[in-house]
Number of protein chains: 2
Amino acid sequence: MWAATEKFLRFLQQPPLELIPSGKDIADIRSIPISERFYPAGTTIAEEGRPGRPHLFISSGWALSYKSMSNGQRLVVDFAQRGDLISSSPIADRSVRSTTDVTVFEIEAQNHRPLSAYSSYLAHAMMRLMTRNHSIATEHLANVARRRPLERTAFLFLETSYRLQQAGDGTGDRYDFPFTQGDLADALGLTAIHTNRVLRDLREQGLMSFRNWTVELLDRRNLLEMTLFDPGYLDLREDFVG
Amino acid sequence: MWAATEKFLRFLQQPPLELIPSGKDIADIRSIPISERFYPAGTTIAEEGRPGRPHLFISSGWALSYKSMSNGQRLVVDFAQRGDLISSSPIADRSVRSTTDVTVFEIEAQNHRPLSAYSSYLAHAMMRLMTRNHSIATEHLANVARRRPLERTAFLFLETSYRLQQAGDGTGDRYDFPFTQGDLADALGLTAIHTNRVLRDLREQGLMSFRNWTVELLDRRNLLEMTLFDPGYLDLREDFVG
DNA sequence: CGCAGACTTGAAGATTATCAACCACCGTGG
DNA sequence: CCACGGTGGTTGATAATCTTCAAGTCTGCG
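Summarised in this report is the structure supplied together with it.

Reading guide: rules and limits
Counting of residues starts from 1 at the beginning of each chain's written sequence and follows it residue by residue. Think of it this way: whatever chain is written first is A, whatever ligand is written first is 1, and the rest follow in order. pLDDT decides what is reported in this predicted model: residues at 70 or higher carry local features, side-chain atom pairs at 80 or more are listed and counted, and totals for whole chains, interfaces and linings draw on all residues regardless. Excluded from the side-chain calculations are hydrogens and water; all other atoms, namely the structure's heavy atoms, are used. Residue proximity to a molecule or strand is established when one non-hydrogen atom of the residue lies within 4 Å of it. Within 3.5 Å is the distance limit for a polar contact, defined as a pair of N or O atoms, with the added protein rule that one can donate a hydrogen and the other accept it, and that residues adjacent in sequence qualify only through two side-chain atoms. Runs of H or I in DSSP of at least four residues are treated as helices and runs of E of at least two as strands, each being numbered from the N terminus. We call Asp, Glu, Lys and Arg charged. Ala, Val, Leu, Ile, Met, Phe, Trp, Tyr, Cys and Pro are nonpolar, and the rest, Gly among them, are polar. Pairing between two strands is assigned when DSSP locates at least 2 bridges connecting them. The superposition of copies rests on a least-squares fit of C-alpha positions from residues with pLDDT of 70 or more in both. Any pair of residues with heavy atoms lying within 4.5 Å of one another is described as a contacting pair. Interaxial angles span 0 to 180 degrees and are taken between N-to-C directions of axes, which are lines fitted to C-alpha atoms, for helices over the stretch in contact. A side-chain nitrogen of Lys or Arg and a carboxyl oxygen of Asp or Glu constitute a salt bridge if their distance falls within 4 Å. We call a residue buried when its accessible area falls under 20% of the maximum for its residue type, exposed when it is over 50%, and partly exposed in between, using a 1.4 Å probe and counting protein chains only. In short, buried area is how much 1.4 Å probe accessible area vanishes from two parts on joining, totalled over both.

Moving on to the protein's contact with DNA strand D. By nearness alone, 16 residues border DNA strand D, and Pro149(A), Gln181(B), Asn196(B), Arg200(B) and Arg211(B) come closest of all. Note that a phosphate oxygen of DNA strand D is positioned 2.7 Å from one of the side-chain N or O atoms of Asn196(B). Residue Arg211(B) places a side-chain N or O atom 2.7 Å away from a phosphate oxygen belonging to DNA strand D. Within the residue set of the surface near DNA strand D, elements represented by two or more residues are α7 (192-204) of chain A together with α7 (192-204) of chain B. Of the residues forming the surface near DNA strand D, the biggest block, five residues, is contributed by α7(B). When grouped by side-chain class, the residues that make up the surface near DNA strand D number five nonpolar, six polar and five charged.

Residue and element names in this part refer to chain A. Sheet architecture is open: four strands sit in the order β1-β8-β3-β6, paired in antiparallel fashion. Across the chains shown, the open sheet's two edge strands, defined by having one partner strand only, are β1 (34-39) and β6 (85-86). Looking at chain direction, β1 and strand β8 (residues 102-107) are connected through six bridges and run antiparallel. The residue of β8 that forms the bridge with Ser35 is Glu106.

This paragraph deals with the protein's contact with DNA strand C. With respect to spatial proximity, 16 residues lie near DNA strand C, and among them Gln181(A), Asn196(A), Arg200(A), Arg211(A) and Pro149(B) are the closest. In DNA strand C, atoms within 4 Å of the protein come from the sugar-phosphate backbone in 68% of cases. Between Thr191(B) and DNA strand C, the recorded distance is 3.4 Å, taken from a side-chain N or O atom to a phosphate oxygen. Between a base oxygen of DNA strand C and a side-chain N or O atom of Arg197(B), the distance comes to 3.4 Å.

This part is about the relation of the copies chain A and chain B. Structural alignment of chain A on chain B gives an RMSD of 0.0 Å, achieved by rotating through 180 degrees and translating 0.0 Å along the axis. Overall, the copies show the geometry of a two-fold rotation axis. Both copies share a contact surface, since 100% of the interface residues of chain A are interface residues in chain B too.

Glancing now at the sheet that holds strand β1 (residues 34-39) of chain B. Residues and elements named next belong to chain B. Spatial strand order, β1-β8-β3-β6: four strands in an open sheet with antiparallel pairing. At either end of the open sheet lies a strand with only one pairing partner, and these are β1 and β6 (85-86). Pairing of strand β3 (residues 55-60) with strand β8 (residues 102-107), which is carried by five bridges, proceeds in the antiparallel orientation. For Phe57, the partnering residue across the bridge sits in β8 and is Phe105. Contacting β1, β3 and β8, helix α1 (residues 3-13) crosses the sheet at an angle of about 85 degrees to β1.

What follows covers the pattern of salt bridges. Per the stated rule, a full pass over the model turns up 38 salt bridges over all chains. For the salt bridge of Asp173(B) with Arg220(B), the shortest nitrogen-to-oxygen distance reads 2.8 Å. With Asp173(B) in the loop between α5 (149-166) and β9 (174-176) and Arg220(B) in helix α8 (residues 220-227), this pair connects stretches of sequence that are 47 residues apart. A relative accessible area of 19% places Arg220(B) in the buried class. Taken together, the salt bridges that share partners define one network made up of Asp78(A), Asp84(A), Arg132(A), Glu159(A) and Arg163(A).

Right, let's talk about the interface of chain A and chain B for a bit. Many authors give the size of an interface as the accessible area that is lost as the parts come together. Each side of the interface is counted separately: chain A has 51 residues, and chain B has 51 residues. Both sides together, the interface formed by chain A and chain B hides about 4900 Å², and carbon and sulfur atoms give 64% of it. Area buried by chain A at its contact with chain B is led by Leu141(A), Arg146(A) and Val241(A), which between them contribute 16% of it. If you look at where chain A meets chain B, you find four salt bridges. Linking chain A to chain B there are 18 residue pairs in polar contact (both at pLDDT 80 or more). Tallying contributions element by element places helix α4 (residues 120-146) of chain A first for the side of chain A that touches chain B, with 19 residues. Residues of the side of chain A that touches chain B, tallied by class, amount to 23 nonpolar, 17 polar and 11 charged.

Written out as C-alpha cells, the structure reads:
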C-alpha cells in the first residue's frame, strides 16, 4: 500500500541514522505522506528561489548542492550522499542536482499542518540531522576562512571519507567521487586552476590522490596530522535534546 | 510562578518571531522547564567541546559565537543578537561569549524526552529558526568563498542591519556594533590589518563607516548594488513545513 | 577522425598576508 | 596631575599566495 513509507521506516533504521522508533513512532510516521523518487544523473531536483519544496532524504547516489550567486560566481554548498537530509526553506536558498542516479524520500506537510504535529519522533530526527548539517556548514566556513588551500582540500576529502563510512559505504580509504575539479574549486573557494595545483601537491607528497573520479587516501595518518581533523562535528548521537 | 515561561511566551509573540500560539500550544510550552538567565558582558556562555548544553534564545544583548581552531586560528561564526536561537549539539561545536550584557531564555529537555514530545509547536518554531540559521551560515560561506573583501565586508554589515530591523531594534542605517576589527576579520576570513584597510576604503568611498563601535550605512543604495544583497535568506515565514 | 569536456602547465599580474612600527584612547596608581 | 600599560586601531614596505591569461594535453565517444 504505502510501500514508500515502509521503505522509509527501514531507511531510518539503517546507517547512518540507525534510529529505533517505538510502536507509536511508527504509527505516527505512517500517517505522513512519503514518496520515493528516482532522479537520473544530471537532473535538477531543487532550484534556488523556488518556494516550499518537500524535505529530501537521500537514499542512494550523489547530489551537488550549490548556490548560483548574483555576481556570476557559484558556491558548492555540499556534496550530498546517502543518509543526508536536504531540508527545504520557505524560499529555497540553494539548488540541488543529481550527479549520479539518485533515489530520495520526499516528505511534505499538508494543509499548513507542520510535520512536527504529525510525528514528534520525525521532528526530533530531523532536528538532529539539521543540527548536524549546521555543524557541517560551520566547519566548511572555518575550512574556507581559516585553513590554507592544501589543508583545506585534504580536510574536505577526509570529511567525505568519514561520512561515507558513517553511511556504511566502504572503508573510506578509496572511494568514488563523481565531481569535477571545478566543482571542488567552488566548494573550496579557489579557482579550478589553483585546485588542480593543490591536488598535484597532495599527490606528489604521497598524501592522497583524486583522479578519474576516484579518491585515494594514501597516507591517512599524515593527512589527519596536517589537518588536525576531528570528526566530532559529524556525530549523530541519540542524546540530542531538540 | 513560572515567570520565565510567561516571559518566553511573550518573547515568541514579539519581533522577530511574532508567533501566534494557540491555547494548546501555550499549554504545551508551559509544560517545559524554561529559565531566564542574565550574563554580564564578557561571560563565556558556552564552550566548544562541552556536551549537551540547553538551547539559547537571545532576548537582549550581543553575543559572539566562534570556533577556536586547532591550528591556532579563530573563526567567528556569527554576531548573535536579539531573537537569535543558538541551538546546542550533542557536543558543542562552537563557543559563545557575551559581548554586552546578555539576557537569554534557556530550554533543556529532561530525562531523554525530546522537546518535540513536549510541544510540537516549539519544535516547529525551532526548526524554522534552525533552517534560517543554516541559510545564514550558508550565505556566510558564499560570502567568504566567493565575494571579494570589499563586497564581503559590506554584505556582513547589510545583513546585520536587516537582522536588527527584523528584531525591531532601530531603522538599521546606524547601529551599535560592539566588536573589534579583529572579531570582524575572523568572521570575514581576512587578517585584522587587511580588514582595517577594507574599512578605510569603504569609508573613503562614502559607502559606510565603522568607528567607535558604531556602524553607519551612508549610501545604502550603492551598498546594495555592489553586493547585490537580497535579504530573502533571512525570511522567517509561517509557511515552513517542518 | 574530430570534437567536447576535463585536466594540466607556465608566466605574469593582482591580491592579501606578514612584519615592524607607531598612534589614540582610557583607566589605574603613584 | 601625570606616567604607564593595555587594548584597539593605523600605516608602509616587503613577501607570499592566488588568480588570470594563454596555451596546450588527455580521454571518451559519435
